[in-house]
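# Residue-level structural notes
Each chain is listed here by its residues.
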Amino acid sequence: MVPESINYDRERRSFTFNPNADKHPVAIAKCTGEEDVVACLDFAQANGLDVAVRSGGHDILAASTCDGLVIDTRPMASSRLSASGASVAVGAGAKAGEVTSYLQRTGHAVPFGDSVDVGVGGLTLGGGIGLLCGKYGATCDNLIRARLVLADGRRVIASEDENPDLFWAIRGGGGNFGIVTQFEYATQKVGTVLAGYVLYDAKDLAGFLRFYRDYMAVAPDELVIEVDVEPAEKTLINVQLCWSGDVDTGRKVLAPFLSYGPPLAVSVTERPYAQVAYAAPEIRALLRSEPVTLRRTAPHMAQRRGGSFGHVSDAAIHEITERIGTAQGDWRFGILHHLHGAICRVPPGKTALVRPLGSFSYNFISQWINNDETARQMAWVEQSAAALRPYSIGSYVNYLSSSDPQDVRRTYGDNFARLQSVKRRYDPNNILHNNRNIPPAV
């Protein structure tokens, strides 16, 4: 696809599209296999073109696009469950929801993130934190092997037995080391879970956030709760939760949470795991008497910034409420990905993913259509993220809102030097740099 192609303008836009991400690729290559990826790398280097790799296109900094050649892996989206059901081979362009739906027919699952639209490629390479992380760990902890095309065109396999240094690096180190064409994951037996949504009035947001912080501090492995604060007719707290253990035990554990407030509406039931992410319409049905819209038409432009709290302090909560008090238009604040349980029991250094026990991820999001709103909406997100920075630690890389080298180094901490050594071996010329870049060791 080139600038003259039909739908070029739509295809060049990433999920987070705004003036900072307004790139005009020379070409967007829809790759259907490894041969296409190799040909793209050869073409880009022969013509001096910058390269970006796209799977889902959800990167918070829109790093999956550039003004050179976009290598789009989305056509490589097949899933194939092994005969035993113990593993699944997934094309690098697949979306998490597609794989989850495919696996649900046999009661299996891979612990992906919390969004069905996110591509498995970027999710896995950044680590992958979602609704099953407490019980089954990160997405990358369930990775068995991956097929990659290196920057020089070589095709390799990364696993515990083949290129183990590369396998270590791609489990949390992002897309710095090669272009993955296929992932193979171990599957988990996940059938029915206790899950859904709870809606609260945000009139005492600070009180709710303190309650949520303290409740999650003692949460069992089986429980994940994620919080969104967003505007409707009034500001609402929209909670998504998933309990992946014994249902009767889950009801007892959730009782204090479901009685807080009390909630405006509760839609928490036993359901197949694949349906958890599609439960939002039930909240709207519970609120028919109010003209509230929780899911809006996709906007033309958006801005997202995120980070991580080592601990959600009272001072941080105060700052959150202050920033939300200044919000206008279509916005959202999320606090999610509380790290506990299985994801934190992986030994340090086993993968490149850093896992601070008890930490939370957060993000600010604004969405708008009219160009005259751009400056205001982007400024609110940037200023809000800056206000929370003093309370933050090194970010989960998939939410890292900066490509500044010092911020990347801070995110990887003690793993950074080792990642640089792996980068030097597999991409010494830093061809794959449109990411949270790890430069080759000198």
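Please read all numbers here as calculations on a predicted model, not as lab measurements. Residue positions are given per chain, counted from 1 along the sequence in the order it is written. Residues qualify for local features only when their pLDDT is at least 70, as the model is predicted, and side-chain atom pairs are given and counted only at 80 or more; totals for whole chains, interfaces and linings, by contrast, use all residues. Remark: hydrogens and water are excluded; side-chain values derive from all non-hydrogen atoms of the structure.

With that settled, consider the packing of helix H7 (residues 205-216) against helix H10 (residues 314-325). To get an axis, fit a line to the C-alpha atoms, keeping to the stretch in contact for a helix; angles then go from 0 to 180 degrees between the N-to-C directions. By the criteria applied, helices consist of DSSP H or I runs no shorter than four residues and strands consist of E runs no shorter than two, each listed in order from the N terminus. Where H7 contacts H10, the axes come no closer than 10 Å and their chain directions differ by 140 degrees. As summarised for this structure, H7 and H10 are arranged oblique, according to the angle between their axes. Judged by the sense of rotation from one axis to the other, the crossing of H7 with H10 is right-handed. Residues Leu 205, Ala 206, Leu 209, Arg 210 and Arg 213 of H7 touch H10, and the partners they reach there are Asp 314, Ile 317, Ile 320, Thr 321 and Ile 324. Three residue categories are used. Nonpolar comprises Ala, Val, Leu, Ile, Met, Phe, Trp, Tyr, Cys and Pro, charged comprises Asp, Glu, Lys and Arg, and polar comprises the others, including Gly. Residue composition of the contact of H7 with H10, grouped by class: six nonpolar, one polar and three charged. The labels follow the angle: roughly parallel below 35 degrees, roughly antiparallel above 145, roughly perpendicular from 65 to 115, and oblique for the rest. Crossing handedness is read from the near helix: turned anticlockwise from the far helix by less than a right angle, it gives a left-handed crossing, and turned clockwise, a right-handed one. What makes two residues a contact is simply this: any of their non-hydrogen atoms within 4.5 Å.

A few words on the packing of H10 against helix H11 (residues 374-388). Remark: H10 packs on H11, axes separated minimally by 10 Å, with the N-to-C direction vectors making an angle of 165 degrees. When the axes of H10 and H11 are compared, the pair comes out roughly antiparallel. The chirality of how H10 crosses H11 is right-handed. Counted together, Ala 316, Glu 319, Ile 320 and Arg 323 of H10 and Trp 380, Gln 383, Ser 384, Ala 387 and Leu 388 of H11 form the full contact between these two elements.

Our focus in this paragraph is the side chain of Thr 16. As for its position among the elements, Thr 16 is in the loop between helix H1 (8-12) and strand S1 (27-30). Type-normalised accessible area, obtained with a 1.4 Å probe on protein chains alone, sets the label of each residue: buried when under 20%, exposed when over 50%, and partly exposed for intermediate values. Relative accessible area serves as the criterion here: at 2%, Thr 16 is assigned to the buried category.

Right, let's get into the pairing of strand S17 (residues 360-368). Most of S17 is tucked away: nine of the nine residues are buried. Residues Phe 360, Tyr 362, Phe 364, Ser 366 and Trp 368 of S17 are buried on one face, and the alternating residues Ser 361, Asn 363, Ile 365 and Gln 367, pointing to the opposite face, are buried as well.

This paragraph deals with the nonpolar core. Buried Ala, Val, Leu, Ile, Met, Phe, Trp, Tyr and Cys residues form a nonpolar core when they are joined through side-chain atoms within 4.5 Å. Ranked by internal contacts, the top residues of the largest apolar core, which has 59 residues, are Val 120, Leu 166, Ile 170, Phe 183, Tyr 185 and Tyr 273. In this view, Phe 183 contacts Val 88, Ala 89, Val 90, Ala 92, Val 120, Gly 121, Thr 124, Leu 125, Leu 143, Arg 145 and Ala 146; residues no more than four positions away in its chain are not counted. Membership of the second largest hydrophobic core comes to 38 residues, among which are Val 198, Ala 202, Ile 225 and Leu 388.

Once that is clear, we can look at the sheet that holds strand S2 (residues 51-54). DSSP calls a pair of strands paired once it identifies at least 2 bridges connecting them. With parallel pairing, three strands are arranged side by side in an open sheet as S1-S3-S2. Each edge of the open sheet is held by one strand with a lone partner, namely S1 and S2. Each strand of the sheet is rotated relative to its neighbour by a mean of 20 degrees, with strand direction disregarded. Contacting S1, S2 and strand S3 (69-72), helix H2 (residues 34-46) crosses the sheet at an angle of about 170 degrees to S3.

Cis geometry marks the peptide bond from Gly 261 to Pro 262, where omega comes out at 0 degrees. Following the sequence through the fold, Pro 262 ends up in the loop between helix H8 (247-259) and strand S14 (265-272). Here the phi dihedral of Ala 62 falls at roughly 55 degrees; this positive angle occurs in a residue that is not glycine. If you check the backbone angles, His 337 has positive phi at about 55 degrees while not being a glycine. For His 337, the position within the fold is in the loop between strand S16 (330-336) and S17.

For the rest of this paragraph, the subject is the pattern of salt bridges. Each salt bridge in this description consists of a side-chain nitrogen of Lys or Arg and a carboxyl oxygen of Asp or Glu lying within 4 Å of one another. The final tally for this structure, using the stated rule, is 27 salt bridges. Residue Asp 59 is joined to Arg 436 by a salt bridge in which the shortest nitrogen-to-oxygen separation is 3.1 Å. Residue Asp 59 is located in the loop between S2 and S3, and its partner Arg 436 is located in the segment after helix H13 (416-426); the two are separated by 377 residues in the primary sequence. As a salt-bridge pair, Asp 165 and Arg 425 come within 2.9 Å of each other at their nearest N and O atoms. With a gap of 260 residues between them, Asp 165 in helix H6 (residues 164-170) and Arg 425 in helix H13 connect regions that are remote in the sequence. Residues joined by salt bridges that share partners form a network here, namely Arg 10, Glu 11, Lys 30, Asp 72 and Arg 74.

We now examine the sheet that holds strand S9 (residues 179-186). Ordered by their spatial adjacency, five strands build an open sheet running S4-S5-S9-S7-S8, and the pairing between neighbours is antiparallel. Each end of this open sheet is capped by a strand with a single partner; those strands are strand S4 (79-81) and strand S8 (155-159). Between one strand and the next, the sheet's axes are offset by a mean angle of 15 degrees, whatever the strand orientation. Here three bridges tie S4 to strand S5 (residues 87-91), and the two strands are oriented antiparallel to one another. Opposite Arg 80, over in S5, you have Ala 89 as the bridge partner. Here H2 sits on the sheet and contacts strand S7 (143-149), S8 and S9; the angle it forms with S7, its principal contact strand, is near 45 degrees. Strands in contact with helix H3 (residues 96-104) are S4 and S5; relative to S4, the strand with the most contacts, it is inclined by about 30 degrees.

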